Amino acid sequence: MPLFHRKPFLGLKSLILELVLDNEIMFNPSLDGEKSHSRLIKLLLCRWTEMADLKALAEAIIKGDQNTAVEITRAALDEGTAAKSVLDEGLIAGMDVIGARFKNNEVFVPEVLIAARAMKSAMGILEPELVKAGVEPIGKFLIGTVQGDLHDIGKNLVAMMLKGAGFEVTDLGVDVPPGKFIERAKAAGVQLIGLSALLTTTMPGMEKTLKALRDAGVSAKVMIGGAPVTQGYADKIGADGYATDAASAVDLAKSLVT
């Protein structure tokens, strides 16, 4: 059996390349070889430890372990790990796994909600550091259940998963009139708006809201979803996208902001 398995060896090569590209290692023949070697080892160990910590954070999110997620997030920041790395390699990485498993029916709504709660708790620690570092969200998303509909479980799940994917989400709640969507969309400068409905009797509220948004000059792209909603209905009312579930909604949102 070889001393190094292929996967760890490739990971080590990637780490070295990353450090070189970050200018943390300068290959200069005039430098003392022993000092350069020592610095390389120290940098590799620090980065390897950081990666291990963020992998543990992702696992805590996947398991829905709020306490561990918060502890690792706080420790990573205290150790100087960049806030964006904690977000991308810890929180988002964990929620990406949950999203993929949800789409494949390997986990279900309760597991997703538990993971999203853990992510939300960790974000409470991370958010101020992201602001300090000037890290921008990948997009601004406004979401709500249309007027006349009081259901919110699916909408809440989509909102939490969008936050876990790096979006800034404004949740207007339930029974939202078109005027409120217009007001908040303009005030927040959102790129995306999500309309939710669980009843066939409230689905027309989606068309009404979409028309009101367009008449008011709101250019944000509009996604719709909910149990009775179909791609055909989305096409009929002129929505920019339709998603069958929360994980698909995240994928759609990402595609609409790129």
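Quick note: structure is the one above.
Let us look at the structure shown here. Note that this is a predicted model, so its numbers are computed, not measured.

### Some points on the pattern of salt bridges
Phase 1: A full pass over the atoms with the stated rule returns seven salt bridges.
Phase 2: One salt bridge connects D88 with K84, and the closest N-O pair in it is separated by 2.5 Å. Of this pair, D88 and K84 both sit in helix 4 (residues 83-103), four residues apart, roughly one helical turn.
Phase 3: Residue K84 is classed as partly exposed on the basis of its relative accessible area, which comes to 42%.
Phase 4: Residues K254 and D96 are paired through a salt bridge, measuring 3.7 Å at the closest nitrogen-oxygen approach. Placement of K254 in helix 10 (residues 246-257) and of D96 in helix 4 is noted, with a sequence separation of 158 residues between them.
Phase 5: Looking at D96, the relative accessible area reads 39%, which means it is partly exposed.

### Observations concerning the packing of helix 3 (residues 66-78) against helix 4
Phase 1: At a minimum axis distance of 10 Å, the contact between helix 3 and helix 4 shows a crossing angle of 145 degrees. At the point where helix 3 passes helix 4, the crossing takes the right-handed sense. Side by side, helix 3 and helix 4 meet where T73, A76 and L77 of the first sit next to A83, V86 and L91 of the second.
Phase 2: Of the residues belonging to the contact of helix 3 with helix 4, the class tally is five nonpolar, one polar and no charged.

Conventions used here
- Residues numbered from 1 in each chain as written.
- Predicted model: local features only at pLDDT ≥ 70, side-chain atom pairs only at ≥ 80, totals over all residues.
- Heavy atoms only, no water.
- Salt bridge = Lys/Arg side-chain N within 4 Å of Asp/Glu carboxyl O.
- Helix = DSSP H or I, 4+ residues; strand = E, 2+ residues; numbered from the N terminus.
- Buried < 20%, exposed > 50% of the residue type's maximum accessible area, 1.4 Å probe, protein only.
- Axes fitted to C-alpha atoms, helices over the stretch in contact; angles between N-to-C directions.
- Left-handed = near helix turned anticlockwise from the far one by under 90°.
- Contact = heavy atoms within 4.5 Å.
- Nonpolar A, V, L, I, M, F, W, Y, C, P; charged D, E, K, R; others polar.

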